[in-house]
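A look at the structure
Chain by chain, the residues run as shown.
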Amino acid sequence: MSVTHAPQTADVLTRQDPELAEILLGELHRQSSTLQLIAAENFCSPAVLAALGSALANKYAEGYPGARHHGGCEIVDVAERLAVDRAKSLFGAEHANVQSHSGSSAVLAAYAALLRPGDTVLALGLPYGGHLTHGSPANFSGRWFDFVPYGVDAETGLIDHEQVRTLARTHRPKAIVCGSIAYPRHIDYAFFREVADEVGAYLIADAAHPIGLVAGGAAPSPVPYADVVCATTHKVLRGPRGGMILCGGELAERVDRAVFPFTQGGAQMHTIAAKAVAFGEAATPAFAAYAHQVVANARILAAALADEGIVVTTGGTDTHLVTADPAPLGVDGRAARGRLAAAGMVLDCCALPHADTRGLRLGTAAVTTQGMAEKEMERIAALLAGVVRSEVESVRAREEVRDLVGGFPPYPA
Ligand SMILES: *Cc1c(COP(=O)(O)O)cnc(C)c1O
């Protein structure tokens, strides 16, 4: 087993720094021997890992291809142009910026491109699945902008479109943000566009979660509707940890200047190269099949959890994401997560709309990359419910998880 899957570095790391190499191997073992149900995670390919571990990590490249502040950029320029071209073609966008270091820095740059401090922004409230960058007081967004939160319907768990429209008319925001860390349903981008147009606001789609499904044709694209689309490259999209921004040609220059030099310095060329690899992979029929299987798996998982008596928010899912309230099994999300962790099932808690207790957030991106399908989703749901109910003791559950994941190694030797 190699440490990083980047062939040029793996062996030397084992020889030179066995202490650190052991930590990396330990993490690889953890990822392969437990069940990865964190909705924001995935297993990127050995090719993506190889690009991340390449000599491009050495290169300073402030600026953009053809206009850098450093010498020696002629080769990394080709890499960045390739990443940009692949992103544009994958998503049908007029412009792509692939330099954002993360999803959060992509959102920061989008705000910087379109807003001034103090501007009013309408976004899904954090208790309903909004991200930190959508107005948390602990984040730059809440400190520098005046966020007005919209919510979801208490009964259905669906975005309250009437409330969005009313709040937009009342507050006349400079921008409306649509996108969530925990919303399991498709977002109606045409609706948000219509409201934004009515009140003269920019529409920013923060598609960090569903962008991989969009790439595979398994979810509607925000690109034709939003002025700016922010995304991550490491969630369902299965690329390296990072962000990107898509927009129309008329905003290209503002977005580029908002990323560099306004919010970032030198581009991370090894990550950009790895993004190019991931965009190339995402353009294949195999990835489209993957994206559709991710959704099929999430639907089966949601239905099987409901059969176990767990309350599934919105009654199901359109995406890779399932949010659920285990309360009917006698515990809240936080306690359930602890029991599941002991059994080797790794997932997150999430806020539940209109409830004081926490729920569970699960995703199928990683397990689907491993090759799991409908049968495994049913097995996972049964095991999860058994553990949460404390019917299956954790040592036995841990054995079952090991047995299950053993058949689906994320990085087969
Ligand atoms: C994941 C996510 C982000 C942030 O991505 P990071 O890379 O963790 O900074 C932003 N917005 C939404 C909606 C997300 O889901």
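Each chain carries its own residue numbering, running from 1 in the direction its sequence is written. Given that the model is predicted, a residue must reach a pLDDT of at least 70 before its local features are reported, and side-chain atom pairs must reach 80 or more before they are shown or counted; all residues, however, enter totals for whole chains, interfaces and linings. Where side-chain values are given, they derive from all heavy atoms of the structure, hydrogens and water being excluded.

1. Comments concerning the packing of aromatic side chains
Let me state the cut-off plainly: Only rings of Phe, Tyr and Trp enter the pairing, Trp through its six-membered ring, and a pair is recorded when the two centres are within 6.5 Å. The plane angle decides the type: under 30 degrees is stacked, over 60 is edge-to-face, the rest tilted. A run of H or I in DSSP becomes a helix once it reaches four residues, and a run of E becomes a strand once it reaches two; helices and strands are each numbered from the N terminus. To sort residues, take the accessible area from a 1.4 Å probe on protein chains only and compare it with the maximum for the residue type: under 20% means buried, over 50% means exposed, and anything in between is partly exposed.
According to the stated counting rule, one finds 9 aromatic pairs in the structure shown. Consider the rings of Phe43 and Tyr411, whose centres lie 6.1 Å apart with planes at 90°: the pair is edge-to-face. Taken as a pair, Phe43 in the loop between strand E1 (35-36) and helix H3 (46-52) and Tyr411 in the segment after helix H16 (394-406) lie far apart in primary sequence, 368 residues in all. Judged by relative accessible area, Tyr411 falls into the buried class, the value being 15%. An angle of 55° between the planes, with centres 5.3 Å apart, marks the rings of Phe287 and Tyr290 as tilted. In this pair, Phe287 and Tyr290 are both assigned in helix H12 (residues 285-307), 3 residues apart and thus about one turn of the helix distant. Each of the two residues, Phe287 as well as Tyr290, counts as buried. Taken together, Tyr111, Phe140, Trp144, Phe145 and Phe147 form an aromatic cluster joined through their ring pairs.

2. Digging into empty space enclosed by the protein
For clarity, the cut-off: Both cavities and pockets are sets of points on a 1 Å grid over the protein atoms alone; in a cavity a 1.4 Å probe fits but cannot get out, in a pocket the set is open with protein on both sides within 12 Å along at least five of seven lines, and lining residues sit with an atom within 4 Å of a point. Grid points are joined across faces, edges and corners, and a volume is the space filled by probe spheres set on the points. Note that the domain bounds reflect an automated or database-derived domain assignment. Each residue gets one label: Ala, Val, Leu, Ile, Met, Phe, Trp, Tyr, Cys and Pro are nonpolar, Asp, Glu, Lys and Arg are charged, and the others, such as Gly, are polar.
Scanning the entire structure with this criterion turns up 2 cavities of 30 Å³ or more. Size it by volume and the largest cavity reaches roughly 130 Å³. Tyr183, Arg185, Ile187, Pro210 and Thr319 are the residues nearest the centre of the largest cavity, which is lined by 15 residues in total. Inspection of the lining of the largest cavity shows a minimum of three residues originating in each of domain 1 (55-282) and domain 2 (286-406). Of the pockets and cavities examined, the second largest cavity occupies roughly 110 Å³. The wall of the second largest cavity is formed by 14 residues, among which Tyr128, Ala182, Thr313, Thr323 and Pro353 lie closest to the centre. Here the residues of the lining of the second largest cavity sort into 10 nonpolar, 4 polar and no charged. When residues of the lining of the second largest cavity are assigned to domains, at least three fall in each of domain 1 (55-282) and domain 2 (286-406).

3. Here we look at the nonpolar core
Quick note on the threshold: Only buried residues count toward a nonpolar core. Its members are Ala, Val, Leu, Ile, Met, Phe, Trp, Tyr and Cys residues joined through side-chain atoms within 4.5 Å.
Within the largest apolar cluster, 60 residues are counted, with the highest numbers of intra-cluster contacts made by Phe91, Ile176 and Phe192. Counting residues domain by domain, this core receives three or more from each of domain 1 (55-282) and domain 2 (286-406). Counting residues in hydrophobic clusters, the runner-up holds 36 residues, among them Met377, Leu384, Ala397 and Leu404.

4. Notes on helix H2 (residues 18-33)
Note the threshold: The span you would expect from a helix comes to 1.5 Å times its residue count less one. Our arc is simply the arc of the directions from the helix axis toward the C-beta atoms.
Its 16 residues give H2 an end-to-end C-alpha distance of 22 Å, which sits within 8% of 22 Å, the value for a rise of 1.5 Å per residue. Among the residues of H2, those classed as buried are Ala21, Leu28 and Ser33. The buried residues of H2 occupy an angular sector of 115° when the element is viewed end-on, so they sit on one face. Away from the buried face of H2 by more than 90 degrees, exposed residues Glu19 and Ile23 are located.

5. Some remarks on the sheet that holds strand E6 (residues 146-150)
The following threshold applies: If DSSP finds at least two bridges between two strands, the strands pair. Helix axes are fitted to C-alpha atoms over the stretch in contact, other axes to C-alpha atoms as well, and angles between N-to-C directions run from 0 to 180 degrees. Whether two residues are in contact is decided by their heavy atoms: any pair within 4.5 Å suffices.
Strand order in this open sheet of 7 strands is E4-E10-E9-E8-E7-E5-E6, and the pairing throughout is mixed. A single partner strand is all that each edge strand has here, and the edge strands are strand E4 (95-97) and E6. Pairwise comparison of adjacent strand axes, ignoring direction, gives a mean angle of 20° for this sheet. Bridging between strand E5 (residues 120-124) and E6 involves 5 bridges; their strand directions are parallel. The partner of Val121 across the bridge, within E6, is Phe147. With respect to the sheet, helix H5 (residues 103-114) is in contact with E6, strand E7 (175-178), strand E8 (202-206), strand E9 (228-232) and strand E10 (243-247), its orientation differing from that of E9 by roughly 165°. Contacts between helix H8 (residues 189-199) and the sheet are confined to E6, E7 and E8, with E7 contributing the most and set at about 170° to the helix.

6. Points about the domain arrangement of the protein chain
Where interface size is quoted, it is often the accessible area lost as the parts come together. Note the following rule: Two parts placed together each lose some accessible area; with a 1.4 Å probe, that loss summed over both constitutes the buried area. The term salt bridge refers to a side-chain nitrogen of Lys or Arg lying within 4 Å of a carboxyl oxygen of Asp or Glu.
Here the protein chain is partitioned into domain 1 (55-282) and domain 2 (286-406). Each of domain 1 and domain 2 was reduced to a C-alpha centroid, and the two centroids are 28 Å apart. The interface of domain 1 with domain 2 comprises 27 residues on the first partner and 24 residues on the second. Of the roughly 2,100 Å² buried where domain 1 meets domain 2, counting both sides, 62% is carbon and sulfur surface. It is Pro184, Arg185 and Arg238 in domain 1 that bury the most area against domain 2; as a group they hold 29% of the surface buried on that side. Inspection of the domain 1/domain 2 interface yields 1 salt bridge. Between Arg185 and Asp318 there is a salt bridge whose closest N-O contact spans 2.9 Å. Examining the composition of the side of domain 1 that touches domain 2, we find that 3 residues originate from one element, helix H9 (residues 211-215), more than from any other. A breakdown of the residues in the side of domain 1 that touches domain 2 according to their chemical character gives 16 nonpolar, 7 polar and 4 charged.

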